[in-house]
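Reading the structure
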Amino acid sequence: MKENPNSGHRNRLREKYLSGGIEFLKDHEVLELLLFYAIPRRDTNKIAHNLIDSFGSLKGVFDAPIDKLIKLEISENTAMYLKTFPSVLSSYYYDRYIIGNKYIRFEKLPEMFLDRFLHEENTDNYVMLLNTKHKKLFFGTVNYDHTDMESLVSKIVALSIRYDAYYVVVGKNHLNEDQNHEEFDKDFVRKLNSALGIVNVKLADYITFINNKTYSANRKQIKI
């Protein structure tokens, strides 16, 4: 069998990863490393550069529609391979914070929400609903009228009723770092607690992210 002319470069990149970790690789090198296992006998360096140049970042590549990936001279199988990474990572990060049969560890909630916000940079909220045994019923973002705080409150209450939840955890990413969000948080927690109390649901925590700092419902900073 004819030797792959790119084998020396591939071995050097593998060694770079194994000796230093993913943080020592540039975006195109991370993508190139992944592509080694989907495209065994082509110059994945060129393909990786083309993908990053076209979509701007690793996230851009992973989020790109399959038809647009295929237009950059990769197969449908390779495009599908790349598309699996966001969902696999999501499952991986979720599994870090559960015990047993999908029961949430409350002490890990701030890290769990932070992981999600780091992977969805433009999302300003996540809501988790749990039953009495801390088993997850729902974990996702809620679309609401950003000029009306009570629209978020009402949607969270409606979700709680729909899923027959016992606990609610809300994560809020304050994307505008220049604003003072303390009054919003106090008012929001007060209104949400009151509304949830009517339907016998408990607000387990309200976790906020401001200026790269993490706070719990009582405005106590959390070290992560």
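What comes next concerns the included structure. (Residues numbered from 1 in each chain as written. Predicted model: local features only at pLDDT ≥ 70, side-chain atom pairs only at ≥ 80, totals over all residues. Heavy atoms only, no water.)

**As for the packing of aromatic side chains**
Per the counting criterion, the structure on display carries eleven aromatic pairs. Ring plane angle 5 degrees and centroid distance 5.9 Å describe the contact between Phe184 and Phe188, whose orientation is recorded as stacked. Separated by four residues within a single helix, Phe184 and Phe188 lie in helix H9 (residues 182–198), roughly one turn from each other. The class of Phe184 is partly exposed, set by a relative accessible area of 26%. Here the aromatic residues Phe113, Phe117, Tyr126, Phe139 and Phe209 are joined through ring pairs into a cluster of three or more. (Phe/Tyr/Trp six-rings, centres within 6.5 Å; stacked < 30°, edge-to-face > 60°. Helix = DSSP H or I, 4+ residues; strand = E, 2+ residues; numbered from the N terminus. Buried < 20%, exposed > 50% of the residue type's maximum accessible area, 1.4 Å probe, protein only.)

**Some words on the environment of Tyr215**
On the secondary structure map, Tyr215 appears in strand S7 (residues 213–215). Considering only alpha carbons, one finds Tyr215 and Gly171, 44 residues apart in sequence, at a separation of 9.8 Å.

**Some details on the pattern of salt bridges**
For the structure shown, the criterion picks out seven salt bridges. Here Asp124 and Lys172 are joined by a salt bridge, their closest N and O atoms 3.2 Å apart. Residue Asp124 is located in the loop between helix H7 (109–119) and strand S3 (125–130), and its partner Lys172 is located in strand S5 (residues 167–173); the two are separated by 48 residues in the primary sequence. Exposure remark for Lys172: the relative accessible area of 7% places this residue in the buried category. The partner of Lys191 in a salt bridge is Asp187, and the shortest N-O contact between them spans 3.5 Å. Of the two residues, Lys191 and Asp187 are both situated in helix H9; the distance of four residues between them amounts to about one turn of the helix. The network of salt bridges with shared partners includes Glu150, Asp187, Arg190 and Lys191. (Salt bridge = Lys/Arg side-chain N within 4 Å of Asp/Glu carboxyl O.)

**Remarks on helix H8 (residues 149–162)**
With 14 residues, H8 ought to run about 20 Å at 1.5 Å a step, and its terminal C-alpha atoms sit 20 Å apart, in line with that. Buried within H8 are the following residues: Met149, Ser151, Leu152, Val153, Ile156, Val157, Leu159 and Ser160. If you follow the buried residues of H8, they end up packed against S3, strand S4 (136–140), S5 and H9. With its phi angle positive at about 55 degrees, Asp164 sits one or two positions after the end of H8. (Expected span 1.5 Å × (residues − 1). Contact = heavy atoms within 4.5 Å.)

**Quick look at the pairing of S5**
Along any regular strand, the residues point their side chains to alternate faces of the sheet. With seven of seven residues buried, S5 is to be regarded as a mostly interior element. By the bridge criterion, six bridges tie S3 to S5 in an arrangement that is antiparallel. What sits directly across from Leu129, in S5, is Val168. Alignment of S5 against strand S6 (residues 202–210), held across seven bridges, turns out to be parallel. Considered in S6, the bridge of Asn173 is made with Phe209. (Pairing = 2+ DSSP bridges.)

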